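Commentary on secondary and tertiary structure
Take a look at the letters that make up each chain.
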Amino acid sequence: MLKIVSALLTLLLLTQTAAAKSYVWAQLVGTNLVSLRVISTETCSAITGSVTFQPRIKNTMEQMNGNTVCEALVDLSTFTGNTVTVDGHTITLPKTAPKRVVILGDTGCRKEHHYQHCSDTSKWNFNAVAAAIAKTKPDLMVHVGDYVYRYNCWNGTEGCAKKDAQGHDINGQLKEWYYWEEDFFKPAADLLPLAPWVFTRGNHEDCENADRGWRGWAVFLAMTPDLSSKTDPVTSLYKNCKANKRDIKKPELIQLPAAAQTGAAPALNLYAFDTANEDAPLWSDFSNLTALADETWIVTHVPFASFHGNSYTPAPSGTPNYRSGLPDPVSFVVSGHVHLFQYEQPKAGAAIQLVVGGSGTKLDNKGLETESINAQNSTFVVLDRAANGASIMTVCAVPPGGTASAWQTWDIAQTNGPWATKMTLRKTTLNAACTSP
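Now for a description of the structure that goes with this document. Quantities reported herein were computed from a predicted structural model and do not represent experimental measurements. (Residues numbered from 1 in each chain as written. Predicted model: local features only at pLDDT ≥ 70, side-chain atom pairs only at ≥ 80, totals over all residues. Heavy atoms only, no water.)

Next up on the list: the sheet that holds strand β16 (residues 341-344). What the 6 strands build is an open sheet, ordered β10-β11-β12-β15-β17-β16; its pairing is mixed. Edge positions in the open sheet fall to β10 (252-256) and β16, since each of these has one partner strand only. Neighbour-to-neighbour, the strand axes of this sheet turn through a mean angle of 15°, independent of strand direction. Taken together, the 4 bridges between β16 and strand β17 (residues 352-356) define a ladder with antiparallel strand orientation. Across the sheet, residue Q342 finds its bridge partner in β17, namely V355. (Pairing = 2+ DSSP bridges. Helix = DSSP H or I, 4+ residues; strand = E, 2+ residues; numbered from the N terminus. Axes fitted to C-alpha atoms, helices over the stretch in contact; angles between N-to-C directions.)

In structure tokens, the structure reads:
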């Protein structure tokens, strides 16, 4: 009997270990198009659920340690259900605009150059941030880029030409699944399937070097769906990335309509715009947003306005419907890159620039709106959208390895259409926004 019990316990532990190696999530890759993705030690045909998975791409990561990247595309305009099941997870599909959006960014561990100790939760805080976000039960999560920092190779610096303690190749480390798993997927494992995602490419996933993050980014998180048909995916992806300096394809407009029921959040457009190469945007990049009727966010990595040195450029003279260089429907520019929380609104009614770049990586020690946040606290943003077009935005501070609490809360009113925004700081912060649904 004892042998039987022992065998059953061993089998259970093996099953749990195998399950822990499976990473499941859904991400928006276009209007009415969702990509369900799984990284698994099993074949794609072995993934259980209500949809059928196929290999996403072949022969791109040299050291995938037996893992396969699988994908199922769901067309929301024809899919009849509101949820899908994948390997025991139930994922709600983003058929309508979200009420609660969580924004995070710059989560990776900066092991080299800034000497962040990745195994020490008091130094690298993404595990605590991910656990805190999970408690808020978001309808949509937006990551504004920089997933992998440790040993990030670029021009022969910051960790290149070495091996780590486990013998993994640091020179060209982003050819190895190990580093992607340690820096992003493992700490985010429980968070990934909770709600749909929008992922933005950061400069640490650019294609300046053949071994930098473009490779893992393209395989795991890029918005480009179904890469399996490419004859030579490694060469073609790298050539496209170098030539376009964008997310392997053009910017993507994702339109989420309002739900029919009373009290639903208003419609929302998300314009995924790639600034991973830190090139200044052109006005023509946003001209197609001018005619939109609903609230629109530009989701990008490098901020258009921050203390980091970037700023809004005045609109060209005689150009109609531009305000501070952006079309009228744009109410937020959601970014990261600078390692702290910051907001800026260059004038009344202008788009609000959010910088949410302190969700795990080593923090910067200054900023326009960060003086009251302890320099050791990581941050993420919870934005609750109401039916009347108003929003409540709370900045959640997470001490090293600790519990999230509200740092500051703002009421954001929209008085003249979705783009006439006004921020009012609340005297009382909404702690519940950081700790509960």
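So much for the structure itself; the text now carries on.
For the structure shown, the criterion picks out 3 disulfides. The side chain of C44 participates in a disulfide bridge whose partner is C70; the two sulfur atoms lie 2.0 Å from each other. Measuring the twist about the S-S bond at about -90°, one finds the C44-C70 disulfide to be left-handed. On the criterion of sequence distance, the pair formed by C44 in the loop between β2 (33-40) and β3 (54-55) and C70 in strand β4 (residues 68-75) is long-range, its members being 26 residues apart. (Disulfide = S-S within 2.5 Å.)

Right, let's get into the packing of aromatic side chains. On inspection of all chains with the given rule, the structure shows 25 aromatic pairs. Between W180 and F220, the ring centres sit 5.5 Å apart and the planes meet at 65°, which makes this aromatic pair edge-to-face. Taken together, the positions of W180 in helix α3 (residues 177-185) and F220 in helix α4 (residues 214-220) put the pair 40 residues apart, joining distant regions of the chain. Arranged with centres 5.3 Å apart and planes meeting at 75°, the rings of Y343 and W410 form a pair that is edge-to-face. Of the two residues, Y343 is situated in strand β16 and W410 in strand β20 (residues 405-414); the sequence distance between them amounts to 67 residues. Take Y343 and W410: they sit in the same class, and that class is buried. (Phe/Tyr/Trp six-rings, centres within 6.5 Å; stacked < 30°, edge-to-face > 60°. Buried < 20%, exposed > 50% of the residue type's maximum accessible area, 1.4 Å probe, protein only.)

Okay, the pattern of salt bridges next. A full pass over the atoms with the stated rule returns 7 salt bridges. Between E71 and R37 there is a salt bridge, with the nearest N and O atoms lying 3.4 Å from each other. You can see E71 sitting in strand β4 and its partner R37 sitting in strand β2, a full 34 residues away along the chain. In this structure E71 comes out as buried when scored by relative accessible area, which is 6%. Assessed through its relative accessible area of 0%, R37 is described here as buried. Residue R100 is joined to D384 by a salt bridge in which the shortest nitrogen-to-oxygen separation is 2.7 Å. Of this pair, R100 sits in strand β7 (residues 100-104) while D384 is found in strand β18 (residues 378-385), placing the two residues 284 residues apart along the sequence. (Salt bridge = Lys/Arg side-chain N within 4 Å of Asp/Glu carboxyl O.)

Burial runs high along α3: 9 of the 9 residues are buried. On its buried face, α3 is in contact with β1 (23-30), β2, α2 (126-135), β8 (140-143), β9 (197-199) and α4. (Contact = heavy atoms within 4.5 Å.)

Moving on, we come to the side chain of N203. Relative to the helices and strands, N203 is located in the loop between β9 and α4. In terms of polar contacts, N203 uses its side chain to reach the side chain of H301, at 2.9 Å. (Polar contact = N/O pair within 3.5 Å; in protein donor to acceptor, adjacent residues only side chain to side chain.)

The subject of this paragraph is the nonpolar core. With 44 residues, the main nonpolar core has F185, F220, L221 and F380 as its most contacted residues. For this core, the elements supplying multiple residues, two or more each, are β1, β7, α2, α3, β9, α4, β18 and β19 (391-398). The dominant element in this core, judged by the number of residues it contributes, is α2, at 6 residues. Listed in part, the 33 residues of the second largest apolar core include L270, V334, V381 and A397. (Core = buried A, V, L, I, M, F, W, Y, C linked by side-chain atoms within 4.5 Å.)

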